[in-house]
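Below are the chains, spelled out letter by letter.
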Amino acid sequence: MYFVRQARWPFIAMLVLGGLTAGIEASIYTFIGQIVDILQAGERESFFQTHGATLVGMAFVVLVVRALVAILTALVEEQSIVPGFFNLVRWQSHQWVMRQSLSYFQEDFSGRISAKVWQAGQAAGDFMSSLLQTVWYIAVYALTTLLLIGELDWRLGAAVGVWLIGFSFVARYFIPKVRAEAKQVANAGSGVSGRLVDTYTNIQTVKLFGTREGEEQGVLRTYDGFLSRLRVFTRTLTSVRSVMVSFSGLMIVIIAGMALSFWQQGLVSTGDVAFCLGLVLRLNLLLNRLMGQLNGLFRNIGTLQDSMELIVKPIDVLDAADARELEVPNGAVSFENIRFHYGKAEGVIEQLSLKIKPGERIGVVGPSGAGKTTLVNLLLRFYDLEAGRILIDGQDISRVSQQSLRSSIGLVTQDTSLLHRSIEENILYGRPDASEEDMRQAAERAHAMTFIEGLEDKKGRRGFAAHVGERGVKLSGGQRQRIAIARVLLKDAPVLVLDEATSALDSEIEAAIQENLAELMNEKTVIAIAHRLSTIASMDRLIVMDAGEIVQQGTHAELLNEEEGLYFQLWSRQSGGFLPDVGPVSGQGALHTA
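Here the structure is a predicted model, which is why all the values come from computation and not from measurement. Numbers given for residues are sequential positions, taken from 1 along each chain in its written order. Where local features are concerned, this predicted model is filtered to residues with pLDDT of at least 70; where side-chain atom pairs are given and counted, the filter is 80 or more; whole-chain, interface and lining totals use all residues. Hydrogens are left out, water is left out, and the side-chain values use all remaining heavy atoms of the structure.

Draft legend 1. Inspection of the UniProt feature "transmembrane region" (unreviewed entry) in the protein chain at higher detail. According to UniProt, the "transmembrane region" (unreviewed entry) feature falls on residues 12-32, 52-76, 131-150, 156-175 and 243-263. Labels follow the DSSP assignment, with helices taken as runs of H or I lasting at least four residues and strands as runs of E lasting at least two, numbered in each case from the N terminus. The distance separating the terminal C-alpha atoms of residues 52-76 is 35 Å; by composition the span is 100% helix and 0% strand. UniProt positions are given in the numbering used here, feature names are shortened, and annotations may be inferred rather than shown by experiment.

In structure tokens, the structure reads:
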């Protein structure tokens with residue numbers, strides 16, 4: 001109803017037109033009865049002269065009124081509901097999904113999510129079209145049949161009523177089962193789709209580490225689960241059809257027998273019998289069709305329910321009702337007694353405090369699992385804190401809009417993923433209004449022009465227009481990294497976060513880009529995460545993390561003087577054991593060549 005209310009007028013039109021269609025179809029059978037009675041009178045010579053006006057009226061209804069209603073119905077459905085309502089559901093479902101937090105996407109297959117967004121629109125649209133165009137039409141037709149036949153003889157009308165009541169009981173029994181089983185089939189089907197997308201997305205890993213047979217077995221297990229659900233579902237559908245065909249056959253014989261008996265007694269005319277049998281046979285076809293449509297309706301409802309249970313999950317990270325735009329005149333960042341456990345009882349980050357001055361460049365180091373990347377994710381508000389707060393220039397990030405927060409932070413990560421779009425679109429993504437000259441300058445500073453100018457995709461698009469493939473697979477790791485750096489250079493945000501930003505680059509390119517990054521860092525607050533300590537040794541301050549806590553902080557030289565400290569141990573391991581024989585600067589140079 002949330003979606004239907006937004007497109008109420010086309011559906012009201014469908015409701016009216018469906019009722020008119022049913023009334024016209026039922027009236028055609030009254031025409032047949034009248035024609036049979038006229039023919040039985042035997043007035044052949046004066047047939048058209050006597051009944052011409054009646055016949056013209058019937059022809060007008062069939063040729064003009066019926067056609068006009070059918071054309072209007074087609075226009076409303078095909079020109080309004082299919083392009084409008086179907087895609088309204090898809091678009092608003094997509095918008096809701098895009099508001100979800102990072103953890104939402106990390107907990108499910110991306111292919112499964114996208115399949116559910118798409119099938120939600122299809123299922124909702126098919127449900128409403130079937131409900132108004134078929135179910136409503138059949139309901140009006142059935143009621144009209146009941147009234148028209150009841151006018152002939154109340155006993156015939158009662159028999160039709162028993163038929164409709166019996167049909168309702170059968171539907172009431174089977175439809176909840178159909179709906180529940182359809183939901184399970186839809187869920188299992190989206191699981192197969194998600195598994196396939198996961199395989200195709202990670203095809204290089206599959207080919208490197210798996211066997212085709214092993215991967216096919218994994219897909220087959222998922223597919224077998226889908227088939228087992230489908231078989232249960234189709235058995236229920238078979239039961240419905242078997243019960244309905246038996247019950248309908250019985251009622252047709254009973255009503256036909258009663259009509260013939262009444263004709264023999266002179267209670268109804270020959271035309272009445274033809275009219276009655278025509279309506280009843282048509283009703284039988286429509287009720288069978290209705291049961292199929294009900295199965296389809298509740299299959300669609302099951303699919304829609306399954307999709308919406310994933311799509312409309314509560315959003316973990318929401319903007320505050322009075323959220324303001326973040327303003328960053330200076331770039332001071334403060335973590336105040338923050339705690340975050342990814343929803344667990346303990347672990348990750350516990351009571352961490354850190355103040356970063358405006359324009360200060362800090363490096364964050366520590367062993368894997370120390371909480372370095374989690375710290376950055378919390379600053380970007382990919383997750384909400386469990387305690388404490390994070391301030392940027394005195395503004396609590398939970399009280400500002402997420403978009404303004406993230407537009408104020410430039411991020412380059414180790415695992416660079418690009419959109420399957422052109423080089424130009426990928427670089428401009430952080431600043432769509434930038435000029436072409438600014439974009440090219442950013443690419444130059446990221447040392448990306450050398451390979452961009454030689455790019456050509458299979459559709460013949462060259463240079464900045466060339467598409468990079470899903471997640472940027474058509475580029476090398478270093479090329480993807482340089483595109484990501486160009487994007488951040490162009491964005492020029494006041495706070496810069498580098499998470500192993502140059503790890504995928506060769507030494508010569510890294511050295512060249514470091515110069516541009518150093519220029520970019522001027523007058524910016526910088527948080528740089530690195531496992532290769534030499535890349536951040538020149539930072540203003542180094543933060544050493546372990547098990548979610550800050551265990552040391554200071555300059556590179558100060559931390560090396562603490563020989564019992566974790567930083568000294570990490571540096572010693574990376575410098576190959578030669579640290580005691582050289583000073584910090586020499587050690588830094590030796591590590592860089594390593």
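Draft legend 2. Structural view of unusual backbone geometry. Here the phi dihedral of Gln351 falls at roughly 50°; this positive angle occurs in a residue that is not glycine. Look at Gln351 and you get partly exposed, because its relative accessible area is 44%. For His447, which is not a glycine, the phi torsion comes out positive at approximately 55°. Considering the arrangement of structural elements, one finds His447 in the loop between helix 12 (436-445) and helix 13 (449-452). The buried label goes to any residue with under 20% of its type's maximum accessible area, the exposed label to any with over 50%, and the partly exposed label to all in between, with areas taken from a 1.4 Å probe on protein chains only.

Draft legend 3. A look at a nonpolar patch on the surface. A contiguous nonpolar patch, built from Trp9, Ile12, Leu15, Val16, Leu20 and Trp136 and spanning about 590 Å² of accessible area, is present on the exposed surface. Ranked by the residues each element gives to the nonpolar patch, the list is headed by helix 1 (residues 8-41), at five residues. Examined against the element boundaries, Val16 turns out to sit in helix 1. Overall, the relative accessible area of 49% leaves Val16 in the partly exposed class. Note that patches include only residues with greater than 30% relative accessible area and no salt bridge, and the join distances are 9 Å for like charges and 5 Å for nonpolar side chains (Val, Leu, Ile, Met, Phe, Trp, Tyr). Only the protein chains shown count as cover for residues, with accessible areas throughout obtained via the Shrake-Rupley method and a probe of 1.4 Å. Think of a salt bridge as a Lys or Arg side-chain nitrogen and an Asp or Glu carboxyl oxygen that are within 4 Å of each other.

Draft legend 4. View of the sheet that holds strand 1 (residues 333-340). Two strands make a pair as long as DSSP finds a minimum of two bridges between them. An order of 2-1-4-5 is seen for the four strands of this open sheet, with the pairing classed as antiparallel. For this open sheet the edge positions go to strand 2 (349-356) and strand 5 (395-396), each flanked by a neighbour on one side alone. Of the pairings in the sheet, the one linking strand 1 to strand 2 comprises five bridges and is antiparallel in character. Across the sheet, Ile338 pairs through a bridge with Leu352, a residue of strand 2. Contact between two residues is taken to exist if any of their heavy atoms lie within 4.5 Å; hydrogens are not considered. Here the axes come from fitting lines to C-alpha atoms, over the contacting stretch only for helices, and the angles between their N-to-C directions go from 0 to 180 degrees. Set on the sheet, helix 9 (residues 372-379) makes contact with strand 1, strand 2 and strand 4 (387-392); between it and strand 1 the angle comes to about 110°.

Draft legend 5. Molecular detail of the pairing of strand 9 (residues 541-546). Summarising burial for strand 9: five of the six residues are buried, a large majority. The pairing of strand 3 (residues 361-365) with strand 9 spans four bridges and is parallel. If you follow Ile362 over to strand 9, its bridge partner there is Arg541. Bridge analysis of strand 9 against strand 10 (residues 549-554) gives five bridges, and the strand direction is antiparallel. Across the sheet, the residue bridging to Ile543 is Gln553, located in strand 10. Hairpin connection between strand 9 and strand 10: a loop of two residues separates the two successive antiparallel strands, and Ala547 in this loop has a positive phi of roughly 55°.

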